Amino acid sequence: MDKEKLIKKWLINELTEDEQSSFDAMEDAPLLKEITQEAKRFGGAQIAPSFDSIESRLIQKTEQKTNWLSLVSKIAAIFIIGLGLFYFLNSDSTMTMATQLAENKNVTLPDNSKVALNEASSLSYNPKKWEDNRALTLSGEAFFEVEKGQRFEVETPYGTVSVLGTEFNVTA
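Residues numbered from 1 in each chain as written. Predicted model: local features only at pLDDT ≥ 70, side-chain atom pairs only at ≥ 80, totals over all residues. Heavy atoms only, no water.

Draft legend 1. Structural context of the packing of helix H1 (residues 3-11) against helix H2 (residues 17-25). Remark: H1 packs on H2, axes separated minimally by 10 Å, with the N-to-C direction vectors making an angle of 110°. One finds that H1 runs roughly perpendicular with respect to H2. As H1 packs across H2, the resulting crossing turns out to be left-handed. Across the interface between the two elements, Leu6, Ile7, Lys9 and Trp10 from H1 touch Glu19, Gln20, Ser22 and Phe23 from H2. Within the contact of H1 with H2, the residues separate by chemical class into four nonpolar, two polar and two charged. (Axes fitted to C-alpha atoms, helices over the stretch in contact; angles between N-to-C directions. Helix = DSSP H or I, 4+ residues; strand = E, 2+ residues; numbered from the N terminus. Parallel < 35°, antiparallel > 145°, perpendicular 65-115°, else oblique. Left-handed = near helix turned anticlockwise from the far one by under 90°. Contact = heavy atoms within 4.5 Å. Nonpolar A, V, L, I, M, F, W, Y, C, P; charged D, E, K, R; others polar.)

Draft legend 2. Looking closely at the sheet that holds strand E3 (residues 114-117). Spatially, the four strands line up as an open sheet ordered E2-E3-E6-E9, and their pairing is antiparallel. Only two strands of the sheet have a single partner each, and these edge strands are strand E2 (105-108) and strand E9 (167-171). Strand-to-strand twist across the sheet, computed as the mean angle between neighbouring axes with direction ignored, equals 20°. Pairing between E2 and E3: four bridges, direction antiparallel. Bridging across to E3, Asn106 finds its partner in Ala116. (Pairing = 2+ DSSP bridges.)

Draft legend 3. Structural view of the packing of aromatic side chains. Applying the stated criterion across every chain, the model contains five aromatic pairs. Centroid distance Phe144 to Phe168: 5.1 Å. Interplanar angle 20°. Geometry classified as stacked. Highlighted residues: Phe144 in strand E6 (residues 141-145) and Phe168 in strand E9, separated in sequence by 24 residues. Across the pair, Phe168 and Phe144 agree in class, each one buried. Through successive ring pairs, a cluster of aromatic residues spans Tyr125, Trp130, Phe144, Phe152 and Phe168. (Phe/Tyr/Trp six-rings, centres within 6.5 Å; stacked < 30°, edge-to-face > 60°. Buried < 20%, exposed > 50% of the residue type's maximum accessible area, 1.4 Å probe, protein only.)

This is the structure we're talking about:
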């Protein structure tokens, strides 16, 4: 007979004579008997709960853990989707630099082109799309030192300046 079943039957006093002799022959039998005697000495009405009740408690705890893990995985999925949406919604965000009266500012663009922005001017571009589309919008005056490469466009209210790599000044 299986050791676990034998111990279960022993705990609820349902052993036959053959099963009792098999239980007494077990290596753990003296320890189990001592545990039950000590439990009785401390006034324990029931030595131990049945294995079925322990098993049902373990199943409940496993289900609770599963529910908890399910909740955490759902929260993680929502967080990842939120980050993805944030990234894609902000992919069209523009970087804007502006100067006040009597202020000049030097700006280095993502392709290492340099812009000297004069007073009361503003410059805006999309840094995420810069490699594909080197285009910016200018209001005011700026001097450009453009790195060679793809087409470089400066959009102003009066038109668009398009170059490949040179130095030039734009007043808009």
